[in-house]
Amino acid sequence: MDSQSQNTSLQRLQNVEKRIVRVLELAGGVMDELANPTGPRKELINNHCLEFMQMIKDIQVTLRDEIKSACEYRPFEKCDYSSRIASEICGKKLEYVISLLDGMKQTVDEYRSAV
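Residues numbered from 1 in each chain as written. Predicted model: local features only at pLDDT ≥ 70, side-chain atom pairs only at ≥ 80, totals over all residues. Heavy atoms only, no water.

Asks: So what's going on with the overall build of the chain? Residues and values would help.
Replies: Helix and strand counts for the chain come out as 3 helices and 0 strands. If you list the helices and strands of the chain from N to C, you get α-α-α. Taken across its 115 residues, the chain has 11% of its residues classed as buried. Expressed as a percentage of contacts within the chain between residues at least 6 apart in sequence, the contacts between residues at least 24 apart total 67%. (Helix = DSSP H or I, 4+ residues; strand = E, 2+ residues; numbered from the N terminus. Buried < 20%, exposed > 50% of the residue type's maximum accessible area, 1.4 Å probe, protein only. Contact = heavy atoms within 4.5 Å.)

Right, here's the structure in full:
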């Protein structure tokens, strides 16, 4: 992820943070309206709830996109270290197996010469 995309990603996450604050304000406004001694105004609650739900959907989409983008980021993608180490380990394992097979061959040869 280059510096430019990190900045735009950070900006999008900051906007999500602002939307979350707005969502909490909407929820608080609905609670205040429900506690109104003269009774809640249905239209106000309806508008707040609609805006709340739309903002929640927008937040979910943005976060899903940011998570997907972060999962696609592979800083060591072009690095061959892990494959090189895995190859070296396999080579050592093969050397060990060959030494065991040589030992078994020697044992078989000794048995055949004794018989």
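Asks: An account of a nonpolar patch on the surface is requested, with residue identities and associated values reported.
Replies: Taken together, the side chains of Tyr96, Val97, Leu100, Leu101 and Met104 present a nonpolar region at the surface, about 510 Å² in accessible area. Note that leucine 101 resides in helix H3 (residues 81–114). (Patch = residues over 30% accessible without salt bridge, like charges linked within 9 Å, V, L, I, M, F, W, Y side chains within 5 Å. Areas by Shrake-Rupley, 256 points an atom, 1.4 Å probe, with all protein chains shown as cover. Salt bridge = Lys/Arg side-chain N within 4 Å of Asp/Glu carboxyl O.)

Asks: Please set out the environment of glutamate 66 residue by residue, giving values where relevant.
Replies: Looking at the secondary structure, you find glutamate 66 in helix H2 (residues 42–72). On a C-alpha basis, the gap between glutamate 66 and arginine 12 in space is 8.3 Å, while along the polypeptide they are 54 residues apart. The contacts of glutamate 66, once residues within four sequence positions are left out, are Ser9, Arg12 and Leu13.

Asks: I'd like to hear about the pattern of salt bridges, residue by residue, with values.
Replies: One pass over the full model with this rule turns up 5 salt bridges. Glutamate 25 is paired through a salt bridge with arginine 22; the nearest N and O atoms lie 3.7 Å apart. Here glutamate 25 and its partner arginine 22 are both found in helix H1 (residues 3–34), 3 residues apart, which amounts to about one turn of the helix. Judged by its relative accessible area of 31%, arginine 22 is partly exposed. Between glutamate 33 and arginine 41 there is a salt bridge whose closest N-O contact spans 3.0 Å. Among the residues examined, glutamate 33 registers a relative accessible area of 6% and is labelled buried. Three or more residues are tied together by salt bridges with common partners; here these are Arg22, Glu25 and Glu51.

Asks: Residues and numbers for H2, please.
Replies: Spanning 31 residues, H2 covers 45 Å between terminal C-alpha atoms, matching the ideal 45 Å at 1.5 Å per step. Among all positions of H2, only Ile45, His48, Met55, Ile59, Thr62 and Glu66 are buried. (Expected span 1.5 Å × (residues − 1).)

Asks: Describe the nonpolar core, naming the residues involved and giving the relevant values.
Replies: In terms of nonpolar packing, the biggest core is built from 5 residues, these being Val16, Val23, Leu26, Met55 and Ile59. Mapped by element, the contributors of at least two residues to this core are H1 and H2. With 3 residues, H1 is the largest single contributor of residues to this core. With residues up to four places along the chain from it excluded, the contact list for leucine 26 reads His48, Glu51, Phe52 and Met55. (Core = buried A, V, L, I, M, F, W, Y, C linked by side-chain atoms within 4.5 Å.)

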